[in-house]
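Understanding the architecture of this molecule
Here is how the chains run, residue by residue.
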Amino acid sequence: MIKDKVVVITGASSGIGAETAKLLASQGAKVVLGARREEKLQALATEIIDAGGQAVYRVTDVVRPEDNENLVQLAKDAFGGIDVMFLNAGLMPVAPMSKLHVGEWDKMIDVNIKGVLNGIAAALPTFKAQKAGHFVATSSVAGLKPTPAVRFTAQPSGLCVT
Ligand SMILES: NC(=O)c1ccc[n+]([C@@H]2O[C@H](COP(=O)([O-])OP(=O)(O)OC[C@H]3O[C@@H](n4cnc5c(N)ncnc54)[C@H](OP(=O)(O)O)[C@@H]3O)[C@@H](O)[C@H]2O)c1
């Protein structure tokens, strides 16, 4: 049952995160939206509330552990707890490895890997205490299956160098 479940979503300001938030809220979930772009979060929360759903948001950079903790705290303050942590914030700049976009590699590790770990660290103590809770992470075929294209991706399902 999705109704009344409290779902925290990182990377909620666009794409998969925003669409998931709208879908879950339309089915009665209470969604807690996190990302860096406040105007996008505000517009999404307003859209969900105007449609009869429940949503709150907080500006969150998943690279910062305290931002993840604050997002989980918002879920508790606004809705009394947290049932699901959807670790969706991510980026995927694709380029041939030979281009040596080292800065992009660093960023991907920070957001796609450490960002997910920070989210787990923020919610796991609560899940353990309540003996329940779900983590869901967005991955990619690119994190599971090597392809002929030479590129570097970092997705929660694994670090993939192809
Ligand atoms: N779309 C696809 O076909 C596809 C396929 C496979 C995998 N994926 C993966 O799925 C994830 C979402 O993709 P998408 O297509 O929905 O992309 P998107 O529209 O670019 O959404 C990415 C989301 O992540 C957020 N984000 C990025 N860096 C962040 C940070 N440091 N802290 C907090 N939030 C951050 C962005 O919000 P702000 O910029 O506001 O922070 C945005 O809400 C990515 O990891 C992507 O690699 C996508």
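Residues numbered from 1 in each chain as written. Predicted model: local features only at pLDDT ≥ 70, side-chain atom pairs only at ≥ 80, totals over all residues. Heavy atoms only, no water.

1. Thoughts on the environment of aspartate 67
Put simply, the rule reads: Secondary structure is summarised from DSSP: a helix means a run of H or I of at least four residues, a strand means a run of E of at least two, and numbering begins at the N terminus for each. Using a 1.4 Å probe on the protein chains alone, a residue whose accessible area is under 20% of its type maximum counts as buried, one over 50% counts as exposed, and one in between counts as partly exposed. Residue contacts are counted whenever heavy atoms from the two residues lie within 4.5 Å of one another.
Following the sequence through the fold, aspartate 67 ends up in helix H3 (residues 65-79). Among the residues examined, aspartate 67 registers a relative accessible area of 11% and is labelled buried. Those residues within four positions of aspartate 67 in sequence are excluded, and the remaining contacts are Val59, Thr60 and Asp61.

2. Here's the deal with the pattern of salt bridges
Defined as follows: Each salt bridge in this description consists of a side-chain nitrogen of Lys or Arg and a carboxyl oxygen of Asp or Glu lying within 4 Å of one another.
By the definition in use, this model includes six salt bridges. Close ionic contact of aspartate 110 with lysine 114 constitutes a salt bridge, the shortest N to O distance being 3.3 Å. With a gap of four residues between them, aspartate 110 and lysine 114 both fall in helix H4 (residues 102-130), about one helical turn apart. Residue aspartate 110 is classed as partly exposed on the basis of its relative accessible area of 26%. For lysine 114, a relative accessible area of 44% puts it in the partly exposed group. Here the residues in one salt-bridge network are Glu19, Lys22 and Glu47, joined through shared partners.

3. Quick notes on the site of the ligand
Short version of the rule: By convention in these notes, a residue is near a molecule or strand provided one of its non-hydrogen atoms lies within 4 Å of it. N or O atoms closer than or at 3.5 Å make up a polar contact, with two conditions inside protein: a donor-capable atom paired with an acceptor-capable one, and, for residues adjacent in sequence, both atoms drawn from side chains. Here the open area of atoms and residues is found with the Shrake-Rupley method and a 1.4 Å probe, where only the protein chains shown may cover a residue.
Inspection of the region around the ligand gives 22 residues, with Ser13, Ser14, Ile16, Arg36 and Arg37 positioned closest. Serine 14 places a polar side-chain atom, nitrogen or oxygen, 2.9 Å from an oxygen atom of the ligand. Within the backbone of valine 62, one N or O atom sits 2.9 Å away from a nitrogen atom of the ligand. Here the ligand has 870 Å² of accessible area as a free molecule, and 75% of this is covered by the chains.

4. Structural notes on the side chain of asparagine 118
With respect to the helices, strands and loops of the structure, asparagine 118 is situated in helix H4. In this structure the side chain of asparagine 118 is engaged in a polar contact, spanning 2.9 Å, whose partner is the backbone oxygen of valine 62. Leaving out residues up to four positions away in the same chain, asparagine 118 has contacts with Val62, Val63, Arg64, Pro65 and Asn68.

5. Some thoughts on unusual backbone geometry
Look at aspartate 4: it is not a glycine, yet its phi comes out positive at around 70 degrees. Within the secondary structure, aspartate 4 sits in the segment before strand S1 (6-10). When its relative accessible area of 39% is taken as the criterion, aspartate 4 is described as partly exposed. Phi at leucine 100 takes a positive value of approximately 55 degrees, unusual for a residue other than glycine. With respect to the helices and strands, the residue leucine 100 is situated in the loop between strand S4 (84-87) and H4.

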